[in-house]
Structures are given as structure tokens and as C-alpha cells.
Amino acid sequence: MITFRNGVAMLSHKLKTAFCIFGISFLICSASGRPPVPEAEHGMYPVFEIDEGNMEQVVTVFPASGSGAGPARYAGTAGGNCIELPVSFCGNTVRATWDFRVKADLSSAQSIQFDFYCSNVDAASVFNLYFHSGRGWYSSSFSVGHPDRWNRIVLDKSAFRTEDRPQGWGKIDGFRIGVWRTGTGDGVAALANLGIRAAKPKIVVIQSDSLISSGNPESSHYSNFAACFSSTLCRLGVDFLQVSDFDLKAAHLASAGIAVLPCNPKLLQENLALLKEFTARGGKIFSAYHLADGIGEFLGLQYAGQTENQSGGNAGFKAAAGFLPGQPDFCPNSSWIKTSNVKALRPVRVIATWAGNDHRDSGRPAVTLTDAGVFFGHFWKGSDDPVCDRFMLALIGHFLPEVLPQTAAHEIGRIGNIGEFNSFKQFDAFIRRLKSPESMKLRDQLMSVRKEAESAMADQRWLDAFLAGNEARKLVMELWLMSRKAFPEDFRAVWCRAKGPGLTWDASAKMLAENGINHLLVNMCSGGNAFYPSKILPGYTGLAKRGDMLKQCLEACRKYHIKVHVWRTCLRMDKDTSLKFRKQM
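This text gives an overview of the structure that appears in the document. What you see is a predicted model, and the numbers here were worked out from it, not measured in a lab. (Residues numbered from 1 in each chain as written. Predicted model: local features only at pLDDT ≥ 70, side-chain atom pairs only at ≥ 80, totals over all residues. Heavy atoms only, no water.)

## Describing the overall build of the protein
No. 1: Per the secondary structure count, the protein includes 14 helices and 30 strands.
No. 2: Here the protein, with 585 residues, has 53% of them falling under the buried criterion.
No. 3: A separation of at least 24 residues holds for 76% of the contacts in the protein among residues at least 6 apart in sequence.
No. 4: Accessible surface computed for the protein: about 26800 Å², of which carbon and sulfur atoms make up 54%. (Helix = DSSP H or I, 4+ residues; strand = E, 2+ residues; numbered from the N terminus. Buried < 20%, exposed > 50% of the residue type's maximum accessible area, 1.4 Å probe, protein only. Contact = heavy atoms within 4.5 Å. Areas by Shrake-Rupley, 256 points an atom, 1.4 Å probe, with all protein chains shown as cover.)

## Notes on the packing of aromatic side chains
No. 1: Inspection of every chain in the model, using the stated rule, returns 27 aromatic pairs.
No. 2: Seen in terms of ring centroids, Phe116 and Phe127 are 4.5 Å apart; in terms of plane orientation they differ by 65 degrees. Their pairing is edge-to-face. Linking Phe116 in strand S9 (residues 111-118) with Phe127 in strand S10 (residues 124-133), this pair joins segments that are eleven residues apart in sequence. Phe127 matches Phe116 in its accessibility class, with the two residues each being buried.
No. 3: Each residue in the set Phe229, Phe286, Phe317, Trp354, Phe376, Trp380, Phe391 and Phe399 is aromatic and connected to the rest through ring pairs, giving one cluster. (Phe/Tyr/Trp six-rings, centres within 6.5 Å; stacked < 30°, edge-to-face > 60°.)

## With respect to the nonpolar core
No. 1: Membership of the largest hydrophobic core comes to 59 residues, with the highest contact counts inside it found for Phe286, Phe317, Phe376, Phe391, Leu395 and Ile396.
No. 2: Per-element tally for this core: the top contributor is helix H6 (residues 386-399), with nine residues.
No. 3: Dropping the residues within four chain positions of it, Phe391 is found in contact with Phe317, Gln327, Pro328, Cys331, Ile351, Ala352, Val367, Phe376 and Trp380. (Core = buried A, V, L, I, M, F, W, Y, C linked by side-chain atoms within 4.5 Å.)

## Quick notes on the sheet that holds strand S29 (residues 519-525)
No. 1: The strand order across the open sheet built from three strands is S28-S29-S30, with neighbouring strands paired in parallel fashion. A strand with exactly one partner marks an edge of an open sheet, and here the two such strands are strand S28 (493-497) and strand S30 (563-568). Averaged over all adjacent pairs, the angle separating strand axes in this sheet is 25 degrees, with direction ignored.
No. 2: Pairing of S29 with S30 involves six bridges; the strand directions are parallel. Within the sheet, the bridge partner assigned to Leu521 lies in S30 and is His565.
No. 3: Each of S28 and S29 touches helix H11 (residues 505-514); the most contacted strand, S29, lies at about 150 degrees to it. (Pairing = 2+ DSSP bridges. Axes fitted to C-alpha atoms, helices over the stretch in contact; angles between N-to-C directions.)

## A word on the side chain of Ser230
No. 1: Among the structural elements, Ser230 can be located in helix H2 (residues 219-236).
No. 2: In this structure Ser230 comes out as buried when scored by relative accessible area, which is 0%.
No. 3: A polar contact of 2.4 Å, which involves the side chain of Ser230, links it to the side chain of Gln242.
No. 4: Apart from residues no more than four positions distant in its own chain, Ser230 is found in contact with Ser158, Val205, Phe240 and Gln242. (Polar contact = N/O pair within 3.5 Å; in protein donor to acceptor, adjacent residues only side chain to side chain.)

## Re the environment of Trp567
No. 1: Position of Trp567 among the secondary structure elements: in strand S30.
No. 2: With a relative accessible area of 23%, Trp567 lands in the partly exposed category.
No. 3: In contact with Trp567, other than residues within four places in its own chain, are Trp495, Cys496, Arg497, Leu521, Val522, Asn523, Met524 and Cys525.

## Observations concerning the pattern of salt bridges
No. 1: Throughout the structure, instances matching the rule amount to 17 salt bridges.
No. 2: Of the charged contacts, one joins Arg176 and Asp99 as a salt bridge, the two residues approaching to 2.5 Å between their closest N and O atoms. Here the residue Arg176 occupies a position in strand S14 (residues 172-181), and Asp99 occupies one in strand S8 (residues 95-104), the gap between them amounting to 77 residues. Each of the two residues, Arg176 as well as Asp99, counts as buried.
No. 3: With its nearest N and O atoms 3.1 Å apart, the salt bridge here joins Asp506 to Lys559. Within this pair, whereas Asp506 is found in helix H11, its partner Lys559 is found in helix H13 (residues 549-559), the two being separated by 53 residues in sequence.
No. 4: Through salt bridges that share partners, Glu411, Arg414 and Arg473 make up one connected network. (Salt bridge = Lys/Arg side-chain N within 4 Å of Asp/Glu carboxyl O.)

## Comments concerning the pairing of strand S27 (residues 373-376)
No. 1: Burial of the side chains of S27 extends over both faces: Gly373 and Phe375 are buried on one face and Val374 and Phe376 on the other.
No. 2: Bridge analysis of strand S20 (residues 284-288) against S27 gives four bridges, and the strand direction is parallel. Residue Ala288 lies in a different strand from S27, and its bridge partner there is Phe376.
No. 3: In the sheet, strand S26 (residues 361-370) pairs with S27 via four bridges, with the strands oriented antiparallel. Bridging across to S27, Thr370 finds its partner in Gly373.
No. 4: Hairpin geometry of S26 and S27 is characterised by an intervening segment of two residues between the two adjacent antiparallel strands.

## As for unusual backbone geometry
No. 1: One non-glycine residue, Tyr289, lies in positive phi territory at about 70 degrees.
No. 2: Its location among the elements puts Tyr289 in the loop between S20 and helix H5 (295-299).
No. 3: Take Tyr289: its relative accessible area is 11%, and that puts it in the buried class.
No. 4: Notably, Lys435 is not glycine yet its phi reads approximately 60 degrees, a positive angle.
No. 5: By the element assignment, Lys435 lies in the loop between helix H8 (424-434) and helix H9 (437-458).

## Concerning the pairing of strand S11 (residues 135-142)
Strand residues, when the strand is regular, have side chains that alternate between the two faces of the sheet.
No. 1: Of all eight residues in S11, six are buried; the element is thus mostly enclosed.
No. 2: Pairing geometry for S10 and S11, over seven bridges, is antiparallel. Paired with Tyr130 across the strands is Ser139, a residue of S11.
No. 3: Connecting the antiparallel pair S10 and S11 is a turn made up of one residue, with Gly134 showing a positive phi of about 60 degrees.
No. 4: One ladder, built from five bridges, connects S11 with strand S13 (residues 161-165); its direction is antiparallel. Residue pairing in the sheet places Tyr138 in a bridge with Thr162 of S13.

As C-alpha cells, this is what we get:
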């Protein structure tokens, strides 16, 4: 099973309940020799049946993208029914699309699931699924993990982005399949077993769709930062629901203990009323960067303005004196420009302060804990660094200790689930066949840590079990990487910016080369300055002191045989741009 969270393919964790919305799946192949449609996952109940009699009423073909999309047609098989979507990529055609008219309330969906097959990945290997709502869309892309056989795809809501102005997942009136051309050729797409997966959430992430507008520069933030929170919760294995603020109902919060406001400058009045009832019965609120009207009262906090970051910004959270059990000493969560401050209206506890790139404590509160929840001084970025997962687990476990057994079991269950392997048994059998002294030594260490995790689980030491499971998964990653064969033509790249304190270019290039990196994608200019002497843009403010970054980078990378690819930020003036140039523009 391939799961996409925040645009990244991952393995999905099992949810308690599953509901099917559409009895369809998706396939690209020749019309003859198509494999049988696989059975829908156990417990999924179709509420929309596909049959030959209603095809014209259900499906509308939009060939606006060119001649690539042929008329949709019904196909019944012994294994199940599907809809065939003929594709012909020739000439200048770049995409084929089909629209389906359907009324559905997907507000309680945690993720979307369907089956997908593609026999001709040379012609088409990039796909989109869109859901239409109001005056906009929720869209996600996906790809095929295994050609020539069915793939069960799971798209978490965190994988969907907003386009234009959708009015919530509760008002879906259609969906669209898009197939992008990657080569030349003909084929047939088919659709079956498309449904939703849901669970009784312990945590609800509220996305601010109501604030999206063409003139609002933060419009993309609402789905992006909701996805950051959701991705972290997915990795932890916590049952959660990401819901549009248009859709939020008391039923969504009924089983939840935490409501997350990832980027919510304002709240709909009906949502504020729901959250008032939620906190009155003991529910907790996690709010990031913004403290919307009414939320401060619930948390016992008052907004106290913002702080401009020093040059280089903040690298993340440094554990303060009042840190929580299991909280790491440092958690990466960068903040480049501004951070938000709050004033306590009742006793609070600062559990983390801002730290720079050198991890030194600034003394400025970054994460504030109250009896009613948490306030983050900036958006939660939630990278896939295990340290971030540990930080969030410490917070969640403080308020909802009952989720700790679930997260510990989830982490231990993922040991060995990497690459082509779906279980520890499969992974271990592969590693034992390698028989190299280095891999066997690392395997012994892995077995010891895994045993420690299982022992802690048996003793109900949930946090210790999670941390040991987390350590075991690091060793699995190291073993898996050790088993990969490198080829001279491999494109192994790192992306970075030129500014900010850190290693010298020579030290950086040496470290990259020692770790097998052979390409560097580096930002060397923005819309308002350059990190080298330029005839067009003014130099960055540190040019006289720190020198020509491009020259230093090129010299170091030549020395260590690393190819450099320079990129620029085109439509944004960097904060180091001079006031004179800003006024000139």
C-alpha cells in the first residue's frame, strides 16, 4: 500500500473504521489483458455504484486539455466493475482529464483510498486526483510504485492542496482524474474502489479554508501548515482528522482531546462557539503563530506583538527548565523573519525557548504550555526528523497519556518497513543475505535495540518503547542505505541557501563529498540582492565582510568534485536587501 502525506509516499497505518464512498478504481493498460479488479478492502461499503445504465448521467468528459482524453466507458469484470478512460498521448497533448458528477460529504474522511494499475509508465506516470467544492478544488498528485500490477493508493488529506476557493470537504459535487504525459503512446485508464478511510479522532486539525482569497498572501499557508501538523500525527500513528473550518461540527470533536489551529488568524463564530464547548469539557488547544480572537481567553494568554529575528533567524526549540518528560534538548523548527509573543494571564510554563543555528539559548519563549493547551511562537514545520516526532509526542502525551500505547506500538510496528520491505521479517531476511561484517555488526545492534523496545512495551513503559523503536528505525535506515549500490551517474543532491552562519564552504563541500553527495543546488540571489558581486543586483549586506559566496562555493566544490546548480528566488526581496534598493523598487 502506498500512502501519500504532504506529497510524500509512505506506508499507511491502520485506522479503526473504514467507509467507502465510490465503488471504482483507477488503471492504465491496454484494453486487452487487464488484470482483474482487486477486491475492495474489508469493511469498505460502497455508497455509489457504477453500472452501465447510469454512465451518461454520472460521467462528463472534459477534453479541454487536448485529444488525450477519450469518452469514458463502463467495464464489468468478474472481479468487479470499473470505468475505462482511454488515453492517447501524441502530438502536442500534455494531459487528459475526466470529470465525475457526484454529491458527497467527505468532511469525516481521514484519507482517500483507491486501486491503481499502470502498464505503460513511459507514456503516463504522473496523475492527479481533484475534488470540486464550491468555487475551487482540493488536489493531490500521486504516482505508481509497482508497474504492471495493481497499486492500492492512500492519499491522506494532508496530501491535498487548495486551488481557488473550495467551500469544504462536506460539499463535494464532483471529482476529476488527471493524467499527465511523460512520453508517447496509447492506453486505457480505468477507475474502481475509490473510497474514504476514517477513524474516531483523538486530535482534530482545523484548516482555515474560509480565509482563502486571491488577495491574501497567506492563502497557501492554511493547507501547507495544516499538512505539517497532520504529517507529524501520521508518523506518530495517532488517530486524527484534518477538517476544513467550513465543515467543523461538534461530532468531529466528540472523541477528540486536542484541537489544533496550525495557521488560523481568524475563526468563524460558529467554530469559536464549538471550541468554547470543547474546552469547557476539558479539551485542549494547540495554536501556532496566530492567537485568534477568543482563543487567548481559552488558553489564558494574551497576544503581545512580534519580534523581528536576528540575522540567520531561529533554528528551533531549545528545551527550557520546565521541559516535559521525553522532550528532546533541541527540536529543529526554523523561523526566518518574525516570531509571535504572548503574555500570561494565569500560570504558564515555558517548555522551550528560541535557539539560533549554534543551538544557543536566546531566552525568548518559543513554546508556552498552559493548563488548556500550547502556544507555538511560529508555525509548526514538522520535518520528518525523528526529533520533531519526539517533541510532538512529549506534548501530546502530556495532555493525552492514553495515546502513548498506540504511538509506541505504531513505532515498533514500523521497524523494518522501508523501501521494498513491508515487515521486519522481510527486511531481516534480506540483511542476513548480505553477510558483510559491517552489516552483521549493525544488525546485532538493531536486534538488541528492537528487543529493548519490545521489553519496554511489555512493561508498559510507553515512552521508552517509542524512543527505542525510534532508535531501531534509525538503524534500519542505516542498514538499508548500506545495502544500496551506488552508480557513477547517480544524481545525489543537497539543497541549501548561501546565507547564514555555519561551516565554511570548504568544510561543507568536504562533508558532502564524504557522504556521497555529487550535486549542490544552492540559492545565490533573490529579487533584491546577490551573494556575489553583481552588475544587476546589489550585493548582500555581508559582502564586504564575508566575501563572494559564489566564488567560495565554486572553488570548494571543484576541489571535492561536486557539481553546482545555482537557483534564485525571483519574486521576493530578501530581508537583507538594502532600504535604498527597496525604495527604488
